[in-house]
Amino acid sequence: MTRTFIAALPLILIACSADNATGQNAADAPAKPFKTATIADFDSPWAMTFLPDGRALVTEKAGEMILFDPKNVDQSWGGKIRVQIQGRPKVDSEGQGALMDVVLHPQFTQNRIVYLSWSEQGPGGKGVALGKGEFSEAPSVCTGQPCPKQPILKNFQIIFRASPYVEGDGHYSGRIAFSPDGKYLFFTNGERQKFDPAQDPKATLGKVLRLNLDGTPAAGNPLAAQGFHPAVWSYGHRNLLGIAFDADGRLWEQEMGPKGGDEVNLIKPGLNYGYPKVSNGSHYDGRDIPDHAPGDGFEAPKVSWNPVISPGGLLYYSGNLFPAWKGSLFIGGLSSKALVRVKLDGDKASKADQWDMGARIREVEQGPDGALWVLEDGDDGSQGRLLKLTPAG
């Protein structure tokens, strides 16, 4: 279904929960510390990233990538142009499949390279893949003024595929982050709802991977000498839907756990985060999973949720528009229909705020001016809108 563009309209929203409180009546809840403007509408968006000129690339579940210009939403083309992607395999968008993450190369201003992840069919079943291409724009043939240029991602190359590909439509993960020095690419592979691959040293499933920028396993990964796949950085994960570095170079990750076990983890090289051997949640069929316990040999989460928030997207906030939140993590909540803030203190993390957004939130991104931009999931009552959050008052 094609979405209809919505002009920017401010929304006045009242919080349903804050600072770890739940079940609060809307009439008793304090006003949110931000105002919300609806900027655009997309078809089940999954991720976004800003270009240096303030425009954004937005991926959609079915396999489209949109170049969106917030400054031109009143033009006849609504600020949105489909990006032609040369050579990318067909996206398999069944179930949790999608055209997933989109991230700029650390030297994008020089080389114009964009990285994408997506789910696809292949030998053995389905899996998550990683690729890159060069972003460029060419003049378009159109009527009316202004006439936007046609964006294209050319010379697209597939640089990494998860292994093995398996049957099923869930837990692809596919999040991308670059190391602060710009030398390495970190890529998340979910365990594909198969449990045991998260502990399998030969599989990339259920792992955080460290790659060179060309997609090859980085030299010196901590578990290669022990017989692990040479790309593995950490293991024992479930569905890793967010990954981000903080200002001091620590790598944070959030994952959708089993029933009652969503997590934020501080990722350290070579560590086992336990799934499915341990978890603060239980299997959906009711079977118990032992909880994390001191001395069990597994790295415990820094924060976990029960009831769950169903995390979908992770941002480390470094902006100045919300100075009190600088250095926090922000998480989009899917089943919780929430925006969640986690406070960081060095290598420690704690729950801070949880605001009811009234819709499933898939992605949180920081804008060039420090505003928070959030994408609705486009499922289960969520419209797929792009929202901009700025300070109230």
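Residues numbered from 1 in each chain as written. Predicted model: local features only at pLDDT ≥ 70, side-chain atom pairs only at ≥ 80, totals over all residues. Heavy atoms only, no water.

(A) Spotlight on the sheet that holds strand 7 (residues 84-85). A sheet is described by the order of its strands in space; here five strands give the open sequence 7-11-10-9-8, paired in mixed fashion. Both edges of this open sheet fall to strand 7 and strand 8 (99-104), since each of them pairs with a single strand only. Across nine bridges, the pairing between strand 10 (residues 125-138) and strand 11 (residues 150-161) is antiparallel. For Gly131, the partnering residue across the bridge sits in strand 11 and is Ile158. (Pairing = 2+ DSSP bridges. Helix = DSSP H or I, 4+ residues; strand = E, 2+ residues; numbered from the N terminus.)

(B) Geometry of unusual backbone geometry. The amide bond that connects Tyr275 to the next residue, Pro276, takes the cis arrangement and shows omega of 0°. Mapped onto the secondary structure, Pro276 falls in the loop between strand 18 (262-267) and strand 19 (303-305). Residue Pro307 follows Asn306 across a cis peptide bond; omega there is 10°. Relative to the helices and strands, Pro307 resides in the loop between strand 19 and strand 20 (311-316). The phi dihedral of Asn155 falls on the positive side, at around 55°, and the residue is not glycine. Structurally, the position occupied by Asn155 is in strand 11. The phi dihedral of His171 is positive, around 55°, even though this residue is not glycine.

(C) Seen up close, the packing of aromatic side chains. For the structure shown, the criterion picks out 14 aromatic pairs. Ring plane angle 85° and centroid distance 6.2 Å describe the contact between Phe160 and Phe187, whose orientation is recorded as edge-to-face. Of this pair, Phe160 sits in strand 11 while Phe187 is found in strand 13 (residues 184-189), placing the two residues 27 residues apart along the sequence. Each of the two residues, Phe160 as well as Phe187, counts as buried. Counting every residue linked through ring pairs, the aromatic cluster contains Phe34, Tyr317, Phe322, Trp325, Phe330 and Trp355. Across the ring face of Phe42, the terminal group of Lys80 is positioned such that the distance to the ring centre comes to 4.7 Å. Taking the ring centre of Tyr184 as reference, the NZ or CZ of Arg210 above it sits at 4.2 Å. (Phe/Tyr/Trp six-rings, centres within 6.5 Å; stacked < 30°, edge-to-face > 60°. Buried < 20%, exposed > 50% of the residue type's maximum accessible area, 1.4 Å probe, protein only. Lys NZ or Arg CZ within 6 Å of the ring centre and 35° of its normal.)

(D) Structural view of empty space enclosed by the protein. The full count for this structure, using the stated rule, is one cavity of 30 Å³ or more. Taken together, 13 residues make up the lining of the largest cavity; nearest its centre are Gly236, Glu255, Glu263, Tyr273 and Tyr275. Taken together, the residues of the lining of the largest cavity sort by class into four nonpolar, six polar and three charged. (1 Å grid on protein atoms, 1.4 Å probe; cavity = no way out; pocket = protein on both sides within 12 Å on 5 of 7 lines; lining within 4 Å. Points joined across faces, edges and corners; volume = space filled by probe spheres on them. Nonpolar A, V, L, I, M, F, W, Y, C, P; charged D, E, K, R; others polar.)

(E) Spotlight on the sheet that holds strand 23 (residues 348-356). Taken in spatial order, the four strands line up as 20-21-22-23 in an open sheet, and their pairing is antiparallel. The open sheet is flanked by strand 20 and strand 23, the only strands paired with a single partner. The sheet shows a mean angle of 20° between the axes of neighbouring strands, direction not considered. Two strands pair when backbone bridges link them, and strand 22 (residues 338-345) and strand 23 are joined in this way by eight bridges, in the antiparallel orientation. Residue pairing in the sheet places Ala338 in a bridge with Asp356 of strand 23. (Axes fitted to C-alpha atoms, helices over the stretch in contact; angles between N-to-C directions.)

(F) Inspection of the confidence of the model for the protein at higher detail. In the predicted model, the protein carries a mean pLDDT of 91, and the fraction of residues at 70 or more is 92%. Low pLDDT (under 50) marks residues 1-27, which in the prediction has 56 contacts with non-local residues, meaning those over four places away or in another chain. (pLDDT = per-residue confidence, 0-100. Contact = heavy atoms within 4.5 Å.)

(G) Summary view of the environment of Tyr115. Within the element layout of this structure, Tyr115 appears in strand 9 (residues 113-122). For Tyr115, a relative accessible area of 0% puts it in the buried group. In this structure, the C-alpha to C-alpha distance between Tyr115 and Phe135, residues 20 residues apart in sequence, is 10.0 Å. Within the structure, the side chain of Tyr115 is placed 2.7 Å from the backbone oxygen of Leu213, a separation counted as a polar contact. (Polar contact = N/O pair within 3.5 Å; in protein donor to acceptor, adjacent residues only side chain to side chain.)

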